[in-house]
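Fold and geometry: a report
Now for the letters of each chain:
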Amino acid sequence: MSGVTKNYIDGKWVDVSTGETFEIRNPADTDELVGVVVKSGKADVDRAVQAARAAYKSWRLFPAPKRGEILFRAGELLLQEKQALGELETREMGKVFPETLGDVREAIDMAYYMAGEGRRLSGETIPSELMDKDCKSMRVPLGVCSLITPWNFPIAIPAWKIMPALVSGNTLVFKPSSYTSIAASKLVEILEEAGLPQGVLNLVHARGEEIGEYLATHPGTDAVSFTGSTAVGEKLAARCVELGKKVSCEMGGKNAIIVMDDANLDLAVEGAVWGGFGTTGQRCTAASRVVVHRDVYDSFLDLFTKAARKLKLGNGLDERTDVGPVINRVQMEKVLSYIEIGTKEGAKLLTGGKACREGACARGYFIEPTVFSDVAAEMRIAREEIFGPVVSVLKANDLEDAIAIVNDTKYGLVSSIYTRDVNKSAIAERELDTGIVYINASTIGAEIQLPFGGTKKSGIGHREAGGKGGALDMFTKWKVIYRDYSGKLQKAQID
Ligand code: UN1
């Protein structure tokens, strides 16, 4: 542990008005203090917004390709620091080292991708219906954006927002989850080193929802991009609409994998294990439901349960570990309470179901990978987002039934189907009402060059990441220019 992690405002690492701090402890071993972080008050947010406002005047005019070059350098630095960042992330939030390396990789991908956007960011030139008149559309920045990010992807999700927001010419106030403040600070340090001018990116650390809400609704900001729970996102979005701020929220999921009778069963089992228990089930894309064709239901359950039992819990830096801890005590209790609810509702607990407090797990928030079978579609464990290592298996009669089960949720982030029948895959692709559909692959691992996000209560506003309809739509607004060089009054639409 070295020193106190500070706020970054107007190009300086600074203390906070409250004089208070909070601790970050390793969720795999709470005896390990990972760091101490400043706890911001409202005055610190005010300072950060003010700095972003001031910096906006020149940053918006700084050429986009040059903004892109800074991001490119940040990508290079992230690549150099990948191992160290991955290790820090595992200590700070618990997920296993190969996955934290993947998290950093996703940020590198985003940096390079958005660096390229600096030389595109294109609009259109379109013919006018009148003589001697031209028309064009262009993307312009929004102003000051607040970015509020969760702990499960400590570097990647901030990068999904920071990189497109910066290349588009916005200035930012970034409030990361207080469970991953140190990783967030490292990302900001890297962007500073890459040459970001002062005030363009400001970082405030705080614990609890109050400061995030204060920032999101701050009169000095123009837009909010949030990733987190549906409950918080919906509240935030409603406030932003009232206040006239542009808003985008990535929220919950109750994602499902369909396993058809013709599927490669071993592959489907691997996909269900990876989607259900990867990141300890703490992804918005996690496969928390598996909907299995009745003809392969028993054999799938047999293989899946065996595979889940084999998973080794422990510290994510130990290479023998498959599954790390959940993030904190509150989350552990929430997941355990869902396991109790599932049992009471009559689902059959096939494996797992308990906290683990032995051996490598003695001082952390560990929960055994848990599989429920005989789950009915109306049960809470089949409907509510648990965000932990708990998978509900449901039985379907045929493809139509399976699709209906998958779509019968308030969420719509990701779905997947395992089948070797090309016609079935085409029908699933058309009918599954989710922002992302995988065929013969699990629900996790979206790539950054495509829009990321979901339907229904999984998302409000714009998609994240790259591609048409991705994050540039969130972080820019369209401006249309008509130029009349005829020297006379010309009237459109008038004969
Ligand atoms: C999240 O869990 O909030 O597709 C994001 C995936 C990752 C991103 C997950 N690329 O699982």
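Residues numbered from 1 in each chain as written. Predicted model: local features only at pLDDT ≥ 70, side-chain atom pairs only at ≥ 80, totals over all residues. Heavy atoms only, no water.

**A few points about the site of the ligand**
In the region of the ligand, the neighbouring residues are Glu 106, Asn 152, Phe 153, Ile 157, Trp 160, Arg 283, Cys 284, Thr 285, Ile 444, Gly 445, Ala 446 and Phe 452. Within the contact set of the ligand, an oxygen atom lies 3.3 Å away from a side-chain nitrogen or oxygen of Asn 152. Here an oxygen atom of the ligand sits 2.8 Å away from a polar atom, N or O, in the main chain of Cys 284. If the ligand stood free it would expose 320 Å²; the protein chains cover 98% of that surface. Broken down by class, the residue content of the shell around the ligand amounts to 7 nonpolar, 3 polar and 2 charged. Split by domain, the shell around the ligand shows at least three residues from each of two domains, domain 1 (4-251 + 458-481) and domain 2 (256-439). (Near = heavy atom within 4 Å. Polar contact = N/O pair within 3.5 Å; in protein donor to acceptor, adjacent residues only side chain to side chain. Areas by Shrake-Rupley, 256 points an atom, 1.4 Å probe, with all protein chains shown as cover. Nonpolar A, V, L, I, M, F, W, Y, C, P; charged D, E, K, R; others polar. Domains from an automatic or database assignment.)

**Considering the nonpolar core**
One finds Leu 78, Ile 162, Met 163, Leu 166 and Leu 191 to be the most contacted residues of the largest nonpolar core, which totals 64 residues. By residue number, the principal contributor to this core is helix α5 (residues 156-167), which donates 9 residues. Inspection of this core shows a minimum of three residues originating in each of domain 1 (4-251 + 458-481) and domain 2 (256-439). Here Met 163 is in contact with Leu 71, Leu 78, Ala 107, Met 110, Ala 111, Met 114 and Leu 191, once residues within four sequence places are set aside. One finds Met 260, Ile 367, Leu 394 and Leu 399 within the second-largest nonpolar core, a separate group that totals 30 residues. (Core = buried A, V, L, I, M, F, W, Y, C linked by side-chain atoms within 4.5 Å. Buried < 20%, exposed > 50% of the residue type's maximum accessible area, 1.4 Å probe, protein only. Helix = DSSP H or I, 4+ residues; strand = E, 2+ residues; numbered from the N terminus. Contact = heavy atoms within 4.5 Å.)

**Section: the domain arrangement of the protein**
What the domain assignment lists for the protein is domain 1 (4-251 + 458-481) and domain 2 (256-439). Here the C-alpha centroids of domain 1 and domain 2 sit 31 Å apart. On the domain 2 side, the residues contacting the 24 residues of domain 1 number 27 residues. Inspection of the region where domain 1 meets domain 2 yields 3 salt bridges. Its salt-bridge partner being Arg 283, residue Glu 99 comes within 3.7 Å of it at the nearest N-O pair. Scanning the region where domain 1 abuts domain 2 turns up 10 residue pairs in polar contact (both at pLDDT 80 or more). Those elements giving two or more residues to the side of domain 1 that touches domain 2 turn out to be β5 (29-38), α3 (82-93) and α4 (97-117). The class makeup of the residues in the side of domain 1 that touches domain 2 is 9 nonpolar, 7 polar and 8 charged. (Salt bridge = Lys/Arg side-chain N within 4 Å of Asp/Glu carboxyl O.)

**Examining the sheet that holds strand β15 (residues 348-351)**
Pairing in this open sheet of 7 strands is mixed, and the strands run β15-β18-β19-β14-β13-β21-β22 from one edge to the other. In the strand order of this sheet, the two ends are held by β15 and β22 (436-439), each with one partner. Averaged over all neighbouring strand pairs, the angle between strand axes comes to 25°, with direction disregarded. Sitting on the sheet, helix α10 (residues 297-310) touches β13 (255-259), β14 (287-293), β15, β18 (370-373) and β19 (390-396), and the angle it makes with β19 is about 170°. (Pairing = 2+ DSSP bridges. Axes fitted to C-alpha atoms, helices over the stretch in contact; angles between N-to-C directions.)

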